[in-house]
Amino acid sequence: MEQKIISPGENYKGLDNWLKEMEAKKILLVCDSSIRYQKEFGSHLREMERLGVDIIDFRGFQPNPLYENVRNGVKRFQEQNCDTIIAVGGGSAIDVAKCIKAYAEMEDNGEDGAWLEQGIVPNTIPFLAMPTTAGTGSEATRYAVIYYDGKKQSVASESLIPGAVLMDSDCLISLPSYQKKATMMDALCHGIESFWSVNSTEESKEYSRAAIQGVIKNMEGYLNNTEEGRQGMLLAANRAGKAINIAQTTAGHAMCYKITSLFGSAHGHAAILCNRVLFTWMIDNTDKTVDSRGRKYIACTLDEIGQAMGCTDARRGAEKLENIFNKLEFNVPKATINQFEELKASVNPVRLKNHPIALDEDTIDMLYYKILSGAE
């Protein structure tokens, strides 16, 4: 089913129409701390309660949410007899809501981690997401990440994708500058990586192209807080999410996670750190192509990415990506020799399978030295 994109309209009429269509009576509102800044939305929620639609809050989770958080959310959904789920927030809030939706009608035998051992049974619970950042694209993907027993668990099912997305550009007004820049780069990297992924299709590449063009077109307006820029960036992030939902991410994401944990760089900051170096390296190493479509196909794909960025070819596109990185004034962390060793050992080989050009351990090590500065 095609995901419905809803504009708030005057006094959130777009949301009201969707709730009426879904015959919603009791909503589980899964939200993070960002909701306190959504004054108009919060006011409208109180109005909805006066109109006979009950709102049940669920905020019992944190970044990198836990299986137990989801279990508590399902319990609240069931005990309060909720019939609809709305997620408001960033990737963690949306991921928790996805899992609550997935497990809300599945049997829980009381054993820890039981749901993770079962296949997800699709249900018809109405589910809407309102992203409060423009970057993760979580509202458009079939994936959710939670942690169980200290280990990352990827939950995946087409039934996790929200049936509707409320795109309210006012949600982005109060975002700090660094968060705006980092989430925007996450969307751009999603667009780029899904474009060159070995899993790409003609459909995913159209989403990738739209995402890249959308980020480039709206970057200045978004950073200057114009309504058009904010709305355009929300749509670009959504398109990037649709692209990775099909093609998935590649080496840039595989290499960026440890940078975030070691240096505290935001995810999108770490992703652009990696991809600005990977892009140029890939142009110079198409002879190492592992994509079954061949070296010529990859070379053409890299050119297409450059063209989506408004350049003549891949080389100019890679230069533009570096210029964007510099213009946004992201810092380049300094790594010790021991940290370079940690980074090299951290890369998930599963994600590397999606990358179109072969990467061995020595190449990954070399790339990290290009990505980061060496500490003296």
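Everything that follows concerns the structure shown earlier in this document.
Quick caveat: nothing in here was measured; it's all calculated off a predicted structure.

S.K.: Explain helix α6 (residues 202-223) to me, please; I cannot follow it from the model alone.
M.R.: An α-helical turn contains 3.6 residues, so any two residues separated by three or four positions project in the same direction. The terminal C-alpha atoms of α6, which comprises 22 residues, lie 31 Å apart, in line with the 32 Å expected from a rise of 1.5 Å per residue. Of all the bends found along α6, the most pronounced is centred on Lys217 and spans about 40 degrees. Turning to α6, its buried residues number three or more, namely Ser204, Lys205, Tyr207, Ser208, Ala211, Ile212, Gly214, Val215, Asn218, Met219, Gly221 and Tyr222. Residues of α6 that are buried sit in contact with α5 (177-196), α7 (227-247), α10 (295-308) and α11 (314-327). Where α6 terminates, the next one or two residues include Asn225, which has phi positive at roughly 65 degrees.

S.K.: Please clarify how the packing of aromatic side chains should be interpreted in this entry.
M.R.: Two measures describe an aromatic ring pair: the distance that separates the ring centres and the angle between the ring planes. If you walk through the whole model with that rule in mind, you get nine aromatic pairs. Ring centres of Tyr12 and Phe41 lie 5.5 Å apart, and the angle between their planes is 70 degrees; on these two criteria the pair is classed as edge-to-face. With Tyr12 in the loop between β1 (4-6) and α1 (13-22) and Phe41 in helix α2 (residues 39-50), this pair connects stretches of sequence that are 29 residues apart. Comparing Tyr12 with Phe41, the two get one shared label, buried. Ring plane angle 75 degrees and centroid distance 6.2 Å describe the contact between Tyr178 and Phe330, whose orientation is recorded as edge-to-face. Of this pair, Tyr178 sits in helix α5 while Phe330 sits in the loop between α11 and β9 (334-335); the two residues are 152 residues apart in sequence, bridging distant segments of the chain. Using a relative accessible area of 8% as the deciding quantity, one classes Phe330 as buried. Here the aromatic cluster, defined as three or more aromatic residues joined through ring pairs, consists of Tyr67, Tyr103, Trp115 and Tyr148. Directly above the aromatic system of Tyr257 lies the positively charged group of Lys152, at a separation of 4.7 Å from the ring centroid. Its guanidinium or amino end placed over the ring of Phe325, Arg276 lies 4.4 Å from that ring's centre, counting from NZ or CZ.

S.K.: Can you walk me through the nonpolar core in this structure?
M.R.: Taken as a class, soluble globular proteins show a tendency for nonpolar side chains to be buried jointly. One finds Phe279 and Ile371 to be the most contacted residues of the largest nonpolar core, which totals 62 residues. By residue number, the principal contributor to this core is helix α9 (residues 267-283), which donates 11 residues. Excluding its chain neighbours within four sequence positions, the residues that come into contact with Ile371 are Met255, Ile259, Leu273, Cys274, Arg276, Val277 and Val332. In terms of nonpolar packing, the next biggest core, distinct from the first, is built from 31 residues, Phe61, Ala97, Tyr103 and Met106 among them.

S.K.: Hey, could you run me through the side chain of Gln3 in this one?
M.R.: You can see Gln3 is positioned in the segment before β1. In this structure Gln3 comes out as buried when scored by relative accessible area, which is 8%. Among the polar contacts listed, one links the side chain of Gln3 to the backbone oxygen of Glu139, at a separation of 2.7 Å. A polar contact of 3.4 Å, which involves the side chain of Gln3, links it to the side chain of Asn238. In this structure, Gln3 is in contact with Glu139, Ala140, Ile161, Pro162, Gly163, Ala164, Val165, Asn238 and Lys242, ignoring residues within four places of it in sequence.

S.K.: Hey, could you run me through the side chain of Ser197 in this one?
M.R.: Position of Ser197 among the secondary structure elements: in the loop between α5 and α6. Excluding residues within four positions of it along the chain, Ser197 makes contact with Ala247, Gln248, Thr250, Asp291, Arg293 and Asn354.

S.K.: I would appreciate a short explanation of helix α3 (residues 67-79) in the present structure.
M.R.: The end-to-end C-alpha distance of α3, which contains 13 residues, comes to 18 Å, matching closely the 18 Å that a straight helix rising 1.5 Å per residue would cover. Buried within α3 are the following residues: Tyr67, Asn69, Val70, Arg71, Gly73, Val74 and Phe77. Lining the buried residues of α3 we find β2 (26-31), β3 (54-58), β4 (84-89), α4 (91-103) and β6 (143-148). Looking one or two residues past α3, Asn81 carries a phi angle of roughly 55 degrees, positive in sign.

About the criteria used
Residues numbered from 1 in each chain as written. Predicted model: local features only at pLDDT ≥ 70, side-chain atom pairs only at ≥ 80, totals over all residues. Heavy atoms only, no water. Helix = DSSP H or I, 4+ residues; strand = E, 2+ residues; numbered from the N terminus. Expected span 1.5 Å × (residues − 1). Bend = angle between axes of the 7 residues up to and from the residue. Buried < 20%, exposed > 50% of the residue type's maximum accessible area, 1.4 Å probe, protein only. Contact = heavy atoms within 4.5 Å. Phe/Tyr/Trp six-rings, centres within 6.5 Å; stacked < 30°, edge-to-face > 60°. Lys NZ or Arg CZ within 6 Å of the ring centre and 35° of its normal. Core = buried A, V, L, I, M, F, W, Y, C linked by side-chain atoms within 4.5 Å. Polar contact = N/O pair within 3.5 Å; in protein donor to acceptor, adjacent residues only side chain to side chain.

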